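# Examining the three-dimensional arrangement
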Amino acid sequence: MEEVIKKIKELEPLSKTLEPDEKKRKEWEAEIFGYAGEFLNEVNSLKGYDGSDDMGKGILDLELDGGPRSLDQILPALKKNVDRAGINPASGGHLGYIPGGGIYTSALGDYLAAVTNRYAGMFFGNPGAVRIENQLIRWMCKLVGFPEGSLGNLTSGGSIANLIAIVTARDVKQIKARDVETAVIYLTEQVHHCVHKAIRIAGMGEAVLRNIPLDAHFRLDAEALKRQVFADRKNGLRPFLVVGSAGTTDTGAMDPLDDIATIATENDMWFHVDAAYGGFFILTDTLKDRFKGIERSDSVAIDPHKGLFLAYGLGAVLIKDVEAQFKSHYYRAAYMQDTLDANEELNPADLSPELTKHFRGLRMWLSLQLFGIEPFKACLEEKYWLCRYFYKAIQKEGFEVGPEPDLSVCIYRYVPEKGDANEFNRLLTEYVKNDGTVFISSTSINGVFWIRLAVLGFRTHLHTIEQCLTQLKNGVEYLKKQDAFF
């Protein structure tokens, strides 16, 4: 034992360096918060996209198995290789994909959650943290019109949210391994790819997948769905799941949720709505009526790190049948027997694949407490009107557009007098990206190359849209001078 104690005492001094004293904490806090403050002071002048020559490779010069480094060495490496390279999601100029948020209060909530290191997976471990997370979920359930008693889970994002819902649907509809090849899932080609990923991970990769046709606005055609379900039943198949979108990624389209809900109810199917991007627009007076029918769904995926402008890493799944969700995801281990006493709240770890679960809800709870709900409503409504403004303005510059935006995404393209239109728009996208003032993205639908505008960054305002219009106009003029087209 003496030798063991001696060894322990030899290790203790170096081990204790992981607990910096107050002086060192204040020194690091000053440098870290100073760096963050500098970034925030400059963020509105930073590029939406910065194509660095080495693509951040210099960060690898800071090897991980060496001795301690000072922040004077670390922060400049982060600035050059991480915070100034590639897409800048913190920029209001991020108008591509679906922008993430990053409001300042997200960071404060995450800081507190990390410092206090609260465990939010089990009520036994931290009743207050679990109460906060379940309170947030119930608030979102109420927002979409789910009845009292509904719950769900706070997730890392839409991917896990969709997975939890699909696994629950599979189990509550009793789709066993022997049933997979005759089970039918209905969606559209515009559904987010994470839904396909979730289907595969849930063991449903060999199920029958039906891509229901779209209408002229890229929304699911409810009559086509009804006909397909009838045909599948007649042919001995088992329709069990239909996935609708409340804001597709490509075009922002809203599927006819109420019509889909009726078809799902008539055919005993689980109706899941992927509202990861668009769900929080239900807060706005202008758009809330477009969500009619979402309250009739069985589950909803919705991302606070999108529609509530929080930092990446916070999604949610909302589920009416919490008992079914629990049966699909809970597990009892001998070493956790102390946690099995009666709880006033369901354990988040029993409602998702995650057991190790950090207190991710604090960023959302703190933000709602500090700001109240009205600024979020105003910001969402502003994004909708910015998109509509762009949609009208870009047509005045000679661009062709897709359907009028349902939410805050629209598609557009320029058709030159001669030459390949798809190639022209690809080069136009590259032109805008290389300039970097704003970042835009593209998609292809039925072989047609479209440029996308996705307005959801909380720092995106009217002057940002004007900058985007200017860059597109300049790009067209530049490309018109190239021999490849004229």
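Our subject in this report is the structure included herewith. (Residues numbered from 1 in each chain as written. Predicted model: local features only at pLDDT ≥ 70, side-chain atom pairs only at ≥ 80, totals over all residues. Heavy atoms only, no water.)

### Topic: the overall build of the chain
What counts is decided by this rule: Note on conventions: DSSP H or I runs of at least 4 residues are helices, E runs of at least 2 residues are strands, and numbering of each starts at the N terminus. Throughout, the radius of gyration refers to the C-alpha atoms, and the reference size of a globule is 2.2 Å times the residue count to the power 0.38. Only heavy atoms matter for contacts: two residues are in contact if any of them lie within 4.5 Å across the pair. To be clear on the numbers: accessible area is Shrake-Rupley with a 1.4 Å probe, and residue cover counts the displayed protein chains and nothing else. A residue counts as positive if it is Lys or Arg and as negative if it is Asp or Glu; His and the chain ends are not included. Charge coordinates come from a single atom per side chain, which is NZ of Lys, CZ of Arg, CG of Asp or CD of Glu.
Looking only at helices and strands, the chain features 15 helices and 13 strands. Its C-alpha radius of gyration of 25 Å places the chain within 12% of the 23 Å reference for a compact globule of 486 residues. A separation threshold of at least 6 residues defines the contact pool for the chain, and within that pool the share at least 24 residues apart is 75%. Total accessible area on the chain stands at roughly 23800 Å², and carbon and sulfur atoms take up 52% of it. Here the chain carries 56 positive and 67 negative side-chain charges, and the mean point of each set is 1 Å from the other.

### A look at unusual backbone geometry
For clarity, the threshold we go by: Each residue's exposure class comes from its accessible area (1.4 Å probe, protein chains only) as a fraction of the maximum for that residue type: buried when under 20%, exposed when over 50%, partly exposed otherwise.
Phi at phenylalanine 218 takes a positive value of approximately 65°, unusual for a residue other than glycine. Examined against the element boundaries, phenylalanine 218 turns out to sit in the loop between β5 (208-211) and α8 (222-234). Located in the positive-phi region is phenylalanine 309, a residue other than glycine, with phi close to 65°. For phenylalanine 309, a relative accessible area of 2% puts it in the buried group.

### Examining the sheet that holds strand β12 (residues 441-445)
Note the cut-off: Only strands joined by at least two bridges in the DSSP assignment are considered to pair. Helix axes use the C-alpha atoms of the stretch in contact, all axes being lines fitted to C-alpha atoms, and the angles between their N-to-C directions lie in the range 0 to 180 degrees.
Taken in spatial order, the four strands make up an open sheet running β10-β11-β13-β12, and their pairing is antiparallel. Sheet topology places β10 (400-401) and β12 at the edges, where each strand pairs with a single neighbour. Alignment of strand β11 (residues 409-413) against strand β13 (residues 448-454), held across four bridges, turns out to be antiparallel. If you follow tyrosine 412 over to β13, its bridge partner there is isoleucine 451. The strands touched by helix α14 (residues 421-435) within the sheet are β11, β12 and β13, with β13 carrying the most contacts at an inclination of about 30°.

### Observations regarding the packing of aromatic side chains
Spelled out, the test is: To pair, rings of Phe, Tyr and Trp, with the six-membered ring standing in for Trp, must have centres within 6.5 Å; the planes then decide the type, stacked if under 30 degrees apart, edge-to-face if over 60, and tilted in the middle. When the NZ atom of lysine or the CZ atom of arginine is within 6 Å of a ring's centre and also within 35 degrees of its normal, the charge is said to sit over that ring.
Here the structure, examined in full by the defined rule, presents 13 aromatic pairs. Both rings, one in phenylalanine 326 and one in tyrosine 330, keep their centres 4.6 Å apart while their planes meet at 5°; by these two values the pair is stacked. Seen from their ring centres, phenylalanine 371 and phenylalanine 376 are 6.1 Å apart, and the 75° between their planes marks the pair as edge-to-face. Phenylalanine 371 sits in the partly exposed class, given a relative accessible area of 42%. Members of the aromatic cluster, joined through ring pairs, are Phe390, Phe399, Tyr412, Tyr414 and Phe424. Lying over the aromatic face of phenylalanine 146, lysine 320 brings its terminal NZ or CZ to 5.1 Å of the ring centre.

### A word on helix α4 (residues 104-116)
Selection rule: What a helix should span is 1.5 Å times the count of its residues minus one. To obtain the arc, one takes the directions from the helix axis to the C-beta atoms.
For α4, spanning 13 residues, the distance from its first C-alpha to its last is 19 Å, which sits close to the expected 18 Å at 1.5 Å a residue. What α4 keeps buried is the set Thr105, Ser106, Gly109 and Ala113. What you see down the axis of α4 is that its buried residues fit within an arc of 110°, all on one side. Summarising the geometry of α4, the exposed residues directed more than 90 degrees from the buried face are Ala114 and Val115. Where α4 is buried, its residues meet α12 (362-371). Downstream of α4 by a residue or two, asparagine 117 has a phi angle that is positive, lying close to 55°.

### Concerning the sheet that holds strand β6 (residues 238-245)
If you trace the seven strands from one edge of the open sheet to the other, you get β3-β9-β8-β7-β6-β4-β5, paired in mixed fashion. Sheet topology places β3 (151-155) and β5 at the edges, where each strand pairs with a single neighbour. Neighbour-to-neighbour, the strand axes of this sheet turn through a mean angle of 15°, independent of strand direction. Relative to β5, strand β4 (residues 183-187) runs parallel, the two sharing four bridges. Looking at β5, one finds that valine 184 is bridged to valine 208.

### Side note on the pairing of strand β7 (residues 270-275)
In summary, the side chains of a regular strand alternate between the two faces of the sheet. Counted only if it meets this: We call a crossover right-handed when, viewed with both strands directed away from the observer, the connection leading from the first strand over the helix to the second proceeds clockwise.
Burial of β7 is extensive: six of the six residues sit out of reach of the surface. With burial as the criterion, each face of β7 is covered, one bearing Trp270, His272 and Asp274 and the other bearing Phe271, Val273 and Ala275. Relative to β7, β6 runs parallel, the two being bridged by five bridges. From the neighbouring strand, valine 242 faces β7, where its bridge partner is phenylalanine 271. Note that the unit made of β6, helix α9 (residues 257-266) and β7 has a crossover that is right-handed.

### Some thoughts on the side chain of arginine 388
Inspection of the secondary structure assignment puts arginine 388 in helix α13 (residues 374-396). What makes arginine 388 buried here is its relative accessible area of 15%. Those residues in contact with arginine 388, other than ones at most four positions away along the chain, are Glu404 and Pro405.

### What about the packing of helix α5 (residues 127-144) against α12?
For clarity, the threshold we go by: Here the word oblique covers every angle except those under 35 degrees (roughly parallel), over 145 (roughly antiparallel) and from 65 to 115 (roughly perpendicular). In this scheme, a crossing is called left-handed if the near helix is turned counterclockwise away from the far one by less than a right angle; it is called right-handed if the turn is clockwise. Under this grouping Gly is polar, as are all residues other than the nonpolar Ala, Val, Leu, Ile, Met, Phe, Trp, Tyr, Cys and Pro and the charged Asp, Glu, Lys and Arg.
The geometry of α5 relative to α12 is characterised by a closest axis approach of 9 Å and an angle of 65° between their N-to-C directions. Put simply, α5 runs roughly perpendicular to α12. Along this stretch, α5 crosses α12, giving a crossing that reads as left-handed. On α12, the residues touching Ile132, Gln135, Leu136, Trp139 and Met140 of α5 are Met364, Trp365 and Leu368. Taken together, the residues of the contact of α5 with α12 sort by class into seven nonpolar, one polar and no charged.

### With respect to the pattern of salt bridges
Worth spelling out the cut-off: Salt bridges are identified by distance alone: a Lys or Arg side-chain nitrogen within 4 Å of an Asp or Glu carboxyl oxygen.
Enumeration according to the criterion identifies 25 salt bridges in this entry. For glutamate 345, the salt bridge is made with arginine 138, and the minimal N-O distance between the two is 2.9 Å. One end of the pair, glutamate 345, is in the loop between α11 (322-329) and α12; the other, arginine 138, is in helix α5, and 207 residues separate them in sequence. Taking relative accessible area as the criterion, glutamate 345 reaches 12% and is therefore assigned buried. Judged by its relative accessible area of 38%, arginine 138 is partly exposed. A salt bridge links arginine 388 to glutamate 404, with the nearest nitrogen and oxygen atoms 3.2 Å apart. One end of the pair, arginine 388, is in helix α13; the other, glutamate 404, is in the loop between β10 and β11, and 16 residues separate them in sequence. One network of salt bridges, with partners in common, ties together Asp258, Lys292 and Arg296.

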